[in-house]
Amino acid sequence: MNPGKITNVMWVLLLVSVFAVRVQGQSEAGSCAGVQGPVEVQHAGAWRNASIGAAVFVGDHVRTGAHSRTTIVFRDDSVLDLAPNTELTLEIQEFDESARHYRSLVQLAVGKVRVWASAYYSEARARYELETPTAVAAVRGTEFIASYDSATEMSEFVDLEGQVEVTAKLAVMG
């Protein structure tokens, strides 16, 4: 093979490997395990109806209607159960068992969600956070309920098991 062809092959292999890493970065973070009524997922700017098995990716928005709910199971074994009239965004999910690196950030815009943070988040360096417009909850492998009412601008957290530390955003901002 001449040097020009070898160079071309190397460039093609490099581009394929870069593309493969990009596709892997957009891997499925979880999926809808249960859907009742109209539930929508916004991915890449487009809203689509969710059904059982619908993929949820980092950056996706999920919303439930007035008489609907959904349960999302994530690859880290965490579970979110969204009540009616709820909207949230999966901002971050980093799950690397080999490096023992676990981090999730969920933003609750409005509504109510029950969270079962998996046992991975019991580890010292793991971070699982749920953020509302007024508060941030940091949890350790626990079960809790979070709600945010946009009319009253109030967040509410109920710890059902484990440890939940809630901080007001104004306290963090000073």
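Scroll up for the structure.
All chains use their own residue numbering, which begins from 1 and follows the written sequence. Totals for whole chains, interfaces and linings use all residues, but because this is a predicted model, local features are given only for residues with pLDDT of at least 70 and pairs of side-chain atoms are given and counted only at 80 or more. Heavy atoms throughout the structure, all of them, feed into the side-chain values; hydrogens and water do not.

Looking at the overall build of the chain
In terms of regular secondary structure, the chain is built from two helices and 12 strands. Runs of H or I in DSSP of at least four residues are treated as helices and runs of E of at least two as strands, each being numbered from the N terminus. In the chain, the succession of helices and strands from N to C terminus is α-β-β-β-β-β-β-β-β-β-β-β-β-α. For the chain, buried positions account for 35% of its 174 residues. Here, residues are in contact when the closest pair of their heavy atoms is within 4.5 Å. Partitioning the intrachain contacts of the chain with sequence separation of at least 6 by distance along the chain shows that 47% fall at a separation of at least 24. Here the open area of atoms and residues is found with the Shrake-Rupley method and a 1.4 Å probe, where only the protein chains shown may cover a residue. Carbon and sulfur atoms provide 56% of the accessible area of the chain, an area that totals close to 10,000 Å². Accessibility here uses a 1.4 Å probe with only protein chains present; expressed as a share of the type maximum, an area under 20% marks a residue as buried, one over 50% as exposed, and anything in between as partly exposed.

Some words on the packing of aromatic side chains
Between the rings of Phe, Tyr and Trp (Trp by its six-membered ring), a pair exists once the centres lie within 6.5 Å; its type follows the angle of the planes, with under 30 degrees stacked, over 60 edge-to-face, and the other angles tilted. The full count for this structure, using the stated rule, is five aromatic pairs. Considering the side-chain rings of Phe95 and Tyr102, the 5.6 Å spacing of their centres and the 40 degrees angle between planes classify their relative orientation as tilted. Accessibility assignment for this pair places Phe95 and Tyr102 in one class, buried. Look at Tyr102 and Tyr120: their rings are 4.9 Å apart centre to centre, the planes differ by 40 degrees, and that puts the pair in the tilted class.

Observations concerning the nonpolar core
Counting 32 residues, the largest nonpolar core has Val62, Leu80, Leu88, Val113, Tyr128 and Leu130 as its most contacted members. Elements with a minimum of two residues in this core: β2 (39-43), β6 (69-74), β7 (79-82), β8 (87-96), β9 (101-116), β10 (127-131) and β11 (135-149). Those residues within four positions of Leu80 in sequence are excluded, and the remaining contacts are Thr70, Thr71, Ile72, Phe74, Leu88, Val106, Val113, Arg114, Val115 and Tyr128. Buried Ala, Val, Leu, Ile, Met, Phe, Trp, Tyr and Cys residues that are joined via side-chain atoms within 4.5 Å together make up what is termed a nonpolar core.

Here we look at the pairing of β2
DSSP-based pairing: two strands are paired if at least 2 bridges between them are found. Of the pairings in the sheet, the one linking β2 to strand β5 (residues 61-64) comprises four bridges and is antiparallel in character. Across the sheet, the residue bridging to Val41 is Val62, located in β5. Two strands pair when backbone bridges link them, and β2 and strand β3 (residues 46-49) are joined in this way by four bridges, in the antiparallel orientation. Note on β3: the bridge partner recorded for Val41 is Arg48. As consecutive antiparallel partners, β2 and β3 are separated by two residues, and within that stretch Ala44 has a phi angle of approximately 55 degrees, a positive value.

So, empty space enclosed by the protein
Detection works on a 1 Å grid of protein atoms alone, calling trapped sets that fit a 1.4 Å probe cavities and calling open sets with protein on both sides within 12 Å along at least five of seven lines pockets, with lining residues defined by an atom within 4 Å of a point. Grid points are joined across faces, edges and corners, and a volume is the space filled by probe spheres set on the points. All chains considered together, the criterion is met by one cavity of 30 Å³ or more. When its volume is computed, the largest cavity comes out at roughly 30 Å³. Along its surface, the largest cavity is lined by Phe74, Asp76, Ser78, Leu90, Gln93, Ser104, Val106 and Tyr128. Among the secondary structure elements, those contributing two or more residues to the lining of the largest cavity are β8 and β9. In this classification, Asp, Glu, Lys and Arg are treated as charged, Ala, Val, Leu, Ile, Met, Phe, Trp, Tyr, Cys and Pro as nonpolar, and every other residue, Gly included, as polar. Each residue belonging to the lining of the largest cavity can be placed in one class, and the counts come to four nonpolar, three polar and one charged.

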